[in-house]
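Here's the letter readout for the chains.
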Amino acid sequence: AETRRPNVLLIVSDDQGYADAGFQGSKEIPTPHLDRLAKSGVRFTSGYVTHPFCSPTRAGLMTGRYQQRFGHERNPFYDPSDHTEGLPTSETLLPAHLVRAGYTTGWIGKWHLGAAPEFAPSKRGFQETFGFIGGGHKFRDWKTNAVVEYTVPVERNGVAVEPPEHLTTALGQEAAAFVRRHQSEPWFLYLAFNAPHSPNEPTPERLARFASIADPKRRAYAAQMSLMDDAIGETLGAVRETGQEPRTLVFFFSDNGGAGRKPFFAYNTGVNTPFRGDKGQVLEGGIRVPFFATWPGHIPAGRTFEHPVIALDVLPTALAAAGAP
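Keep in mind that what you see is a predicted model, and the values were worked out from it rather than measured.

The rules behind these values
Think of each chain on its own: its residues are numbered from 1, step by step along the sequence as written. Totals for whole chains, interfaces and linings use all residues, but because this is a predicted model, local features are given only for residues with pLDDT of at least 70 and pairs of side-chain atoms are given and counted only at 80 or more. Values reported for side chains reflect all heavy atoms of the structure, with hydrogen atoms and water molecules removed beforehand. The helix and strand labels rest on DSSP assignments: H or I over at least four residues marks a helix, E over at least two residues marks a strand, and numbering proceeds from the N terminus. What makes two residues a contact is simply this: any of their non-hydrogen atoms within 4.5 Å. Given the number of residues in a helix, its expected span is that number minus one, multiplied by 1.5 Å. A simple rule labels every residue: compare its accessible area, found with a 1.4 Å probe on the protein chains alone, to the largest value its type can have, and call it buried under 20%, exposed over 50%, or partly exposed in between. We define a nonpolar core as any set of buried Ala, Val, Leu, Ile, Met, Phe, Trp, Tyr and Cys residues linked to one another through side-chain atoms lying within 4.5 Å. Working convention: axes come from line fits to C-alpha atoms, limited for helices to the stretch in contact. Angles between N-to-C directions cover 0 to 180 degrees. The labels follow the angle: roughly parallel below 35 degrees, roughly antiparallel above 145, roughly perpendicular from 65 to 115, and oblique for the rest. All amino acids are sorted into three groups, where Ala, Val, Leu, Ile, Met, Phe, Trp, Tyr, Cys and Pro are nonpolar, Asp, Glu, Lys and Arg are charged, and the leftover types, Gly among them, are polar.

Novice: Got a minute to help me understand the environment of lysine 39 in this structure?
Specialist: The topology assignment puts lysine 39 in helix H1 (residues 32-39). Residues lysine 39 and lysine 123, 84 residues apart in the sequence, show an inter-C-alpha distance of 36 Å. Those residues in contact with lysine 39 that sit more than four places away from it in its chain are Ala301 and Gly302.

Novice: Just checking my understanding: could you explain helix H4 (residues 167-181) for this structure?
Specialist: Owing to its 3.6 residues per turn, the α-helix aligns residues three or four sequence positions apart on the same side. An ideal rise of 1.5 Å per residue puts 21 Å on 15 residues; H4 measures up with 21 Å between its terminal C-alpha atoms. Within the sequence span of H4, burial applies to Leu167, Thr168, Ala170, Leu171, Gly172, Glu174, Ala175, Ala176, Phe178 and Val179. Those residues of H4 hidden inside the fold are in contact with strand E4 (104-110), strand E5 (128-132), strand E6 (155-156), strand E8 (187-192) and helix H6 (216-241).

Novice: It is not clear to me how the nonpolar core should be interpreted in this structure. Could you clarify?
Specialist: Generally speaking, nonpolar side chains in soluble globular proteins are found buried as a group. Leu10, Leu61, Met62, Phe188, Tyr190 and Phe253 are the most contacted members of the largest nonpolar core, which has 44 residues in total. The element best represented in this core is helix H8 (residues 314-322), accounting for six residues. Beyond its immediate chain neighbours, meaning those up to four positions away, leucine 61 contacts Leu10, Val12, Tyr190, Phe253, Ala311, Val314 and Leu315. The next biggest cluster of nonpolar side chains, apart from the first, holds 41 residues, and it includes Ile11, Val154, Val179 and Ala195.

Novice: Help me out: how do you make sense of the packing of H4 against H6 in this one?
Specialist: Helices that pack against each other are described as a pair by the angle of their axes relative to one another and the distance between those axes. Two numbers describe how H4 lies on H6: the axes approach to 8 Å, and their chain directions differ by 10°. One way to sum up the angle between H4 and H6 is to call them roughly parallel. Each of Thr168, Thr169, Gly172, Gln173, Ala175, Ala176, Val179 and Arg180 in H4 lies in contact with H6, whose residues at this interface are Gln224, Leu227, Met228, Ala231, Glu234, Thr235, Ala238, Val239 and Glu241. Tallied by class, residues from the contact of H4 with H6 come to eight nonpolar, six polar and three charged.

Here's what the structure looks like:
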């Protein structure tokens, strides 16, 4: 019998500390959905990204190449009229490779690879899109302003939508809907959260769950992590309910280390224990991240792997699983 090519679900968190999840040993921030998923596959204790902050590491991830090779070594300015501030269009991205292999492709969440039209996800291989183009966004109670990066429109397939009640929850709902729409063909979904990146605006109800945390910034960070875990749980629930779990390859990691408590990143309180350094630094705390992969029947469950792996490995691994060159 013909073996169906696997779906590929790539989940990326934003500025998550190495120690800030249950599967990484946190007793302060429960992440039951991520914990269950991590236990079903292999956790990479030496998982790395290619840069200590947002846009360059995403450029490496999407191309499978070190970003220095094509000059994308800093965060681009948010300017939709600037045709140089973005991931060069000479580069071919993972979704474009998978479209040629017969996959349906979707992007949900944060982009941060250029704001001009030619850099948009829909121009780089993603057939279905939902999210925001800039490097960050408010989570709730914002008034849309196309000029201010953190309040730009959230768009579905290029059309602005009404601001959702909470952005993190909306991303999970959109991802679950994508999974349910595409049960008959292989798909690739890039689910790129902006949590727990600033400004960390959890719902009051979720914030109340973490009342025992004295530091208000750390409390908001923990609550935002919890909301992201629930959104991931909703996505995974759709995968299970539609019978797609056995044929879905899942990757999860953070785009870089937690921002820590340094003055430059005073907005965040990610914990990178046991490593030195934070986001923005090439010490271990800036580039060594929570990282795992799962694929039932293909990747052994409940394992840890101590040798280095890197986000660059995602592209060739996904293409190999898809039977694509």
